[in-house]
Amino acid sequence: MSPIDYTHILTKAVDELSDSQSYRGLFHQHREGEPLPSGKSLERIVELSRAILFPGYFGNSTINSQTINYHIGVNIEELFSLLIEQIQAGLCFGVENSGQCDCQSPCRATATQLAAEFISRLPEIRRILATDVEAAYYGDPAATCFGEIICCYPVIRAVTNYRIAHELHRLNVPLIPRIITEMAHSETGIDIHPGAQIGHHFTIDHGTGVVIGATCIIGNHVKLYQGVTLGAKSFPCDEQGNPIKGIPRHPILEDNVIVYSNATILGRITIGEGATIGGNIWVTESVPAGARIVQRKSKENYSG
């Protein structure tokens, strides 16, 4: 095939890919001063947040009690600046995708206010994460110390991202919370939607394959094992057949619930306080407090 023939093929592909019908719904129209959130900047936001929440374990490892105030101050300053930019980008994205593109773009003052509010919540995020570290340590006989939990256990990375994202979600920041939890999903295999509500002393043993849906409500002292799905069984549709958004459709797990590996719990049902769900169980009905749901062992009769 001659170079001229190649040119024809490439030109034809460009023309087809540039046709507005082919990229409908797949194209972001750039507007001056309204960038999309940056994955690289959000990765840095997570790095800084982890360094602030777990000083010495993430970020600068040479930090000590005499220099901690300085290091946290420097990290907070950089975090604040990045948050303003990324929250503003998220707000612009939200306006564009709500069908209100003609409205005035979200101002920097709003993003600054939200960034400051998020940073004010970091002490509370750390307080709750400390309980998650404690739950992981006391829930695993193989763990030797809290430091091992923080350094090695995927649940801490995933739950840290979730708790950061959840606060941004509570502040009604679009898109960014989901990106942050999906970063943890890629890193750990644990998929927690930022809209889920999770209490203190929460842990996931091993972790890979866990899915926690957007409208889940999880109480305190709850433990999950690998492969657990807290999902939706079904959802109503509108007149056009599209799923209705925002309705509660995921499980409620009350305090002190344990769910073992590869259990699937679906729908807006309640797993009562202190209940235990065994491995490889499919649960679609509410479970009373204190119940123990396990697989039945099959019994075979042998004739003599």
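Structure shown above.
Residues numbered from 1 in each chain as written. Predicted model: local features only at pLDDT ≥ 70, side-chain atom pairs only at ≥ 80, totals over all residues. Heavy atoms only, no water.

**What to know about helix α5 (residues 122–138)**
Here is step 1: With 17 residues, α5 extends 24 Å between its outermost C-alpha atoms, agreeing within 8% with the 24 Å of an ideal straight helix rising 1.5 Å per residue.
Here is step 2: Residues of α5 that are buried include every one of L122, I125, I128, L129, T131, D132, V133, A135 and A136, and no others. (Helix = DSSP H or I, 4+ residues; strand = E, 2+ residues; numbered from the N terminus. Expected span 1.5 Å × (residues − 1). Buried < 20%, exposed > 50% of the residue type's maximum accessible area, 1.4 Å probe, protein only.)

**Quick word on helix α2 (residues 39–53)**
Here is step 1: Spanning 15 residues, α2 covers 21 Å between terminal C-alpha atoms, matching the ideal 21 Å at 1.5 Å per step.
Here is step 2: Residues S41, L42, I45, V46, L48, S49, R50, A51, I52 and L53 constitute the buried set of α2.

**As for empty space enclosed by the protein**
Here is step 1: Throughout the structure, instances matching the rule amount to 2 cavities of 30 Å³ or more.
Here is step 2: Put simply, the largest cavity is a space of about 40 Å³.
Here is step 3: Taken together, A136, G139, D140, Y153, T203, I204, D205 and K223 form the lining of the largest cavity.
Here is step 4: A total of 3 residues in the lining of the largest cavity trace back to one element, the largest contributor, which is strand β3 (residues 203–205).
Here is step 5: Here the lining of the largest cavity is built from residues that sort into 3 nonpolar, 2 polar and 3 charged. (1 Å grid on protein atoms, 1.4 Å probe; cavity = no way out; pocket = protein on both sides within 12 Å on 5 of 7 lines; lining within 4 Å. Points joined across faces, edges and corners; volume = space filled by probe spheres on them. Nonpolar A, V, L, I, M, F, W, Y, C, P; charged D, E, K, R; others polar.)

**A word on the sheet that holds strand β4 (residues 211–212)**
Here is step 1: Sheet architecture is open: 5 strands sit in the order β1-β4-β7-β10-β13, paired in parallel fashion. Because the sheet does not close on itself, it has two edges, and the strands there are β1 (191–192) and β13 (282–283).
Here is step 2: Looking at chain direction, strand β7 (residues 229–231) and strand β10 (residues 264–266) are connected through 3 bridges and run parallel. From the neighbouring strand, T229 faces β10, where its bridge partner is T264. (Pairing = 2+ DSSP bridges.)

**Topic: the packing of α5 against helix α7 (residues 154–170)**
Here is step 1: At a minimum axis distance of 11 Å, the contact between α5 and α7 shows a crossing angle of 155°. Between α5 and α7, the angle is such that the two are roughly antiparallel. Judged by the sense of rotation from one axis to the other, the crossing of α5 with α7 is right-handed. Side by side, α5 and α7 meet where I125, I128, L129, D132, V133 and A136 of the first sit next to V155, I156, V159, T160, R163, I164 and E167 of the second.
Here is step 2: Grouping the amino acids of the contact of α5 with α7 by side-chain chemistry returns 9 nonpolar, 1 polar and 3 charged. (Axes fitted to C-alpha atoms, helices over the stretch in contact; angles between N-to-C directions. Parallel < 35°, antiparallel > 145°, perpendicular 65-115°, else oblique. Left-handed = near helix turned anticlockwise from the far one by under 90°. Contact = heavy atoms within 4.5 Å.)

**Section: the packing of aromatic side chains**
Here is step 1: Taken as a whole, this structure holds 5 aromatic pairs when the rule is applied.
Here is step 2: Consider the rings of Y137 and Y138, whose centres lie 4.9 Å apart with planes at 75°: the pair is edge-to-face.
Here is step 3: In this structure Y138 comes out as exposed when scored by relative accessible area, which is 62%.
Here is step 4: Aromatic pair Y137 and F146: ring centres 5.0 Å apart, planes at 75°, arrangement edge-to-face.
Here is step 5: Residue Y137 is classed as partly exposed on the basis of its relative accessible area, which comes to 23%.
Here is step 6: Aromatic ring contacts, followed pair by pair, group Y137, Y138 and F146 into a single cluster.
Here is step 7: Taking the ring centre of F58 as reference, the NZ or CZ of R50 above it sits at 5.7 Å. (Phe/Tyr/Trp six-rings, centres within 6.5 Å; stacked < 30°, edge-to-face > 60°. Lys NZ or Arg CZ within 6 Å of the ring centre and 35° of its normal.)

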